[in-house]
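Secondary and tertiary structure notes
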Amino acid sequence: MLNDSGWTASPAPAPSDVIWSNLEIPRTEQMCRGLAINILLFLLMTLIIAPVAVINRLQPLLTSIEDATIPDKLKHREVRAFVGNYFPTLVVFLINSVLLPFLIELTSHFEGHHAASSRSAAVIRRNAVFQFLNTIVLPSLAINSAAEAVQLALKTNFSVCVKNYLNCSHCVQ
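Residues numbered from 1 in each chain as written. Predicted model: local features only at pLDDT ≥ 70, side-chain atom pairs only at ≥ 80, totals over all residues. Heavy atoms only, no water.

1. Some details on the overall build of the protein chain
Regarding its fold elements, the protein chain presents 5 helices and 0 strands. Reading the protein chain from its N end, one meets helices and strands in the order α-α-α-α-α. Going through the 173 residues of the protein chain one by one, you find that 31% of them count as buried. Considering only intrachain contacts with a sequence separation of at least 6, the fraction spanning at least 24 residues in the protein chain is 79%. (Helix = DSSP H or I, 4+ residues; strand = E, 2+ residues; numbered from the N terminus. Buried < 20%, exposed > 50% of the residue type's maximum accessible area, 1.4 Å probe, protein only. Contact = heavy atoms within 4.5 Å.)

Here it is as structure tokens:
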């Protein structure tokens with residue numbers, strides 16, 4: 001390290017680590033690109049994860065719709081149990097293990113890192129943060145906001161509304 005007159009020197013990265021086409025991109029533009037990528041990924045993951053998290057809260061509503069419309073409920077019990085119990089977990093797992101790493105790797109090329117090692121470190125950091133968000137934060141936010149909507153639908157006695165609609169003679173075309 002040189003520390004004369006305010007200058008600081010550090011070892012250069014290996015030439016094979018340098019992404020030569022990105023050297024012209026200033027640090028501020030890299031940071032802006034990274035912020036934009038993070039915001040877009042967060043919005044995309046919110047749009048994907050929130051409906052999956054709401055499925056668990058819709059179980060009573062689905063039951064009331066099924067009671068009103070399907071006469072033989074025994075045939076659909078296994079499907080309802082799968083959708084209510086296993087499907088949300090499976091979808092979040094597939095998103096976190098396949099879709100999210102692919103999107104992060106794809107978008108990291110647009111960020112404009114000067115070195116391949118810094119791009120790899122950014123990909124690992126972003127993967128860890130978004131896996132935490134997708135597994136813990138987004139489902140809990142979606143469940144809390146959807147809980148009121150489900151409770152409102154249950155208070156209005158949704159099964160009676162569905163039965164009335166199905167029995168309505170002028171509604172049938």
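The structure having been displayed, the exposition proceeds.
2. Remarks on the pattern of salt bridges
Across all of its chains, the model carries 3 salt bridges by this definition. Residue Arg33 pairs with Glu29 through a salt bridge whose shortest N-O separation is 2.8 Å. One end of the pair is Arg33 and the other is Glu29, both in helix H1 (residues 27-57) and 4 residues apart, which spans about a single turn. As a salt-bridge pair, Arg126 and Glu111 come within 3.1 Å of each other at their nearest N and O atoms. In this pair, Arg126 is assigned in helix H4 (residues 116-155) and Glu111 in helix H3 (residues 77-111), connecting sequence segments 15 residues apart. Summarising the burial analysis for this pair, Arg126 and Glu111 share the class buried. (Salt bridge = Lys/Arg side-chain N within 4 Å of Asp/Glu carboxyl O.)

3. Here we look at the nonpolar core
Leu41, Met45, Ile49, Ile95, Leu100, Ile104 and Phe130 are the most contacted members of the largest nonpolar core, which has 15 residues in total. Looking at this core, the elements with two or more residues in it are H1, H3 and H4. Ranked by the residues each element gives to this core, the list is headed by H3, at 6 residues. (Core = buried A, V, L, I, M, F, W, Y, C linked by side-chain atoms within 4.5 Å.)

4. With respect to the environment of Asp17
Counting through the fold element by element, Asp17 comes out in the segment before H1. Excluding anything up to four places from it in sequence, Asp17 contacts His114, Ala115, Ala116 and Ser117.

5. A word on the side chain of Arg119
With respect to the element layout, Arg119 can be found in helix H4. The residues touching Arg119, leaving out its near neighbours within four places in the chain, are Ile19, Glu105, Ser108, His109 and His113.

6. What to know about the environment of Ile19
Among the secondary structure elements, Ile19 is positioned in the segment before H1. Sequence spacing of Ile19 and Arg119 is 100 residues, and the spatial spacing of their C-alpha atoms is 9.7 Å. In this view, Ile19 contacts His113, His114, Ala115, Ala116 and Arg119; residues no more than four positions away in its chain are not counted.

7. Thoughts on the confidence of the model for the protein chain
Within the protein chain, residue pLDDT values average 76, and 59% of them lie at 70 or more. At the low end of the mean pLDDT range in the protein chain sits helix H5 (residues 158-167), at 52; at the high end sits H1, at 84. (pLDDT = per-residue confidence, 0-100.)

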